[in-house]
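Listed below, chain by chain, are the residues.
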Amino acid sequence: KQEVTQIPAALSVPEGENLVLNCSFTDSAIYNLQWFRQDPGKGLTSLLLIQSSQREQTSGRLNASLDKSSGRSTLYIAASQPGDSATYLCAVTRSSNDYKLSFGAGTTVTVRA
Amino acid sequence: KAGVTQTPRYLIKTRGQQVTLSCSPISGHRSVSWYQQTPGQGLQFLFEYFSETQRNKGNFPGRFSGRQFSNSRSEMNVSTLELGDSALYLCASSAEKLGNEQFFGPGTRLTVL
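How each quantity is defined
- Residues numbered from 1 in each chain as written.
- Chains lettered and ligands numbered in written order.
- Predicted model: local features only at pLDDT ≥ 70, side-chain atom pairs only at ≥ 80, totals over all residues.
- Heavy atoms only, no water.
- Pairing = 2+ DSSP bridges.
- Helix = DSSP H or I, 4+ residues; strand = E, 2+ residues; numbered from the N terminus.
- Polar contact = N/O pair within 3.5 Å; in protein donor to acceptor, adjacent residues only side chain to side chain.
- Buried < 20%, exposed > 50% of the residue type's maximum accessible area, 1.4 Å probe, protein only.
- 1 Å grid on protein atoms, 1.4 Å probe; cavity = no way out; pocket = protein on both sides within 12 Å on 5 of 7 lines; lining within 4 Å.
- Points joined across faces, edges and corners; volume = space filled by probe spheres on them.
- Nonpolar A, V, L, I, M, F, W, Y, C, P; charged D, E, K, R; others polar.
- Phe/Tyr/Trp six-rings, centres within 6.5 Å; stacked < 30°, edge-to-face > 60°.

I would appreciate a short explanation of the sheet that holds strand β8 (residues 72–77) of chain A in the present structure.
The pairing of strands in a sheet comes from backbone hydrogen bonds and takes either a parallel or an antiparallel form. Residue and element names in this part refer to chain A. The strand order across the open sheet built from 5 strands is β1-β3-β8-β7-β6, with neighbouring strands paired in antiparallel fashion. Each having just a single partner strand, β1 (4–5) and β6 (56–59) make up the two edges of the open sheet. Sheet analysis places strand β3 (residues 19–25) next to β8, joined by 6 bridges and oriented antiparallel. Its bridge partner lying in β8, Leu-21 is registered against Leu-75.

Here you go:
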């Protein structure tokens, strides 16, 4: 059974600092890994998708890396802003025809102005 | 393109009642998945439908059921509600491309009294 872990559970940084969020998974046989953002009481917003054949993906200030063999992914957010305060979740799928996402518990980020 | 929509956004029910939640996927997406989110258990997979067929099911009791219509809209039903069913119910849709990236709706907040 796939276990996804996100450490730390919470993080507080001053505005402008770079954020580093970690995600690890126990079964390296994944199809893809997706990073999401969730604001309190809201749905999930997809940030980045990394397919298992890729090493990283970038979108604006966000960069996500994937090391499938070691079961790790890292989300970098450059020059953090108060608007980046949210819970960040990573999730993996097992195969191309298996859409079930296995989620970590998330990292709650607070960016202090 | 319109995103995933869910109705209703909020529901209050009493124990023993039943409830039906609705999800309209992004146009052209044939896969719809449902998740339950609670503070204690995090995000847990309920089931996934593709072209009106249930392809995958999580570990939930038979009180939780779903269906998908020919236009890909999906409904989930919970019968004989229990206090523990209080949660945010999220649905996600995906197309069979772009690494199966999944897009979530805003959720339905169900409170069982």
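Please clarify how the side chain of Glu-75 of chain B should be interpreted in this entry.
With respect to the helices and strands, Glu-75 of chain B occurs in strand β8 (residues 74–78). At 3.3 Å, the side chain of Glu-75 of chain B and the side chain of Arg-73 of chain B are in polar contact.

Before we go on, may I ask you to explain the pairing of strand β11 (residues 107–112) of chain A in this structure?
Regular strands place their side chains on alternate faces of the sheet. Residue and element names in this part refer to chain A. The side-chain alternation of β11 yields one buried face, formed by Thr-107, Val-109 and Val-111, and one unburied face, formed by Thr-108, Thr-110 and Arg-112. Sheet topology note: the strand β2 (residues 10–14)/β11 ladder contains 5 bridges and is parallel. The residue bridging Pro-14 from the neighbouring strand is Arg-112, located in β11. Pairing of strand β9 (residues 86–93) with β11 involves 3 bridges; the strand directions are antiparallel. When the sheet's bridge partners are listed, Tyr-88 is paired in β11 with Thr-107.

Would you mind going over the layout of surface pockets with me for this structure?
Empty space left among the atoms is revealed by rolling a probe the size of a water molecule over them. There is about 960 Å³ of room inside the largest pocket. Lining the largest pocket are 35 residues, and of these Ser-102 and Phe-103 of chain A together with Gln-41, Leu-43 and Gln-44 of chain B lie nearest its centre. Breaking the lining of the largest pocket down by element, the ones donating at least two residues are β9 and β10 (102–103) of chain A together with β4 (31–38) and β5 (42–50) of chain B. Here the lining of the largest pocket is composed, by residue class, of 13 nonpolar, 14 polar and 8 charged.

Any chance you could explain the packing of aromatic side chains here in plain terms?
To describe a pair of aromatic rings, one takes the distance between the centres and the angle between the planes. The tally for this structure, following the rule as stated, stands at 8 aromatic pairs over all chains. Between the aromatic rings of Phe-36 of chain A and Phe-104 of chain B, the centroid separation amounts to 5.3 Å while the plane-to-plane angle is 85°, which identifies the pairing as edge-to-face. A residue pair is termed interchain when its members come from two chains, as with Phe-36 of chain A in strand β4 (residues 32–38) and Phe-104 of chain B in strand β10 (residues 102–104). Per residue, the accessibility class of Phe-36 of chain A equals that of Phe-104 of chain B, and both read buried. With 5.6 Å between their ring centres and 45° between their planes, Tyr-35 of chain B and Phe-104 of chain B make a pair best called tilted. Of this pair, Tyr-35 of chain B sits in strand β4 while Phe-104 of chain B sits in strand β10, and the two are 69 residues apart along the sequence. Every member of this aromatic cluster is reached through a ring pair, and the members are Phe-36 and Phe-103 of chain A together with Tyr-35, Phe-45 and Phe-104 of chain B.

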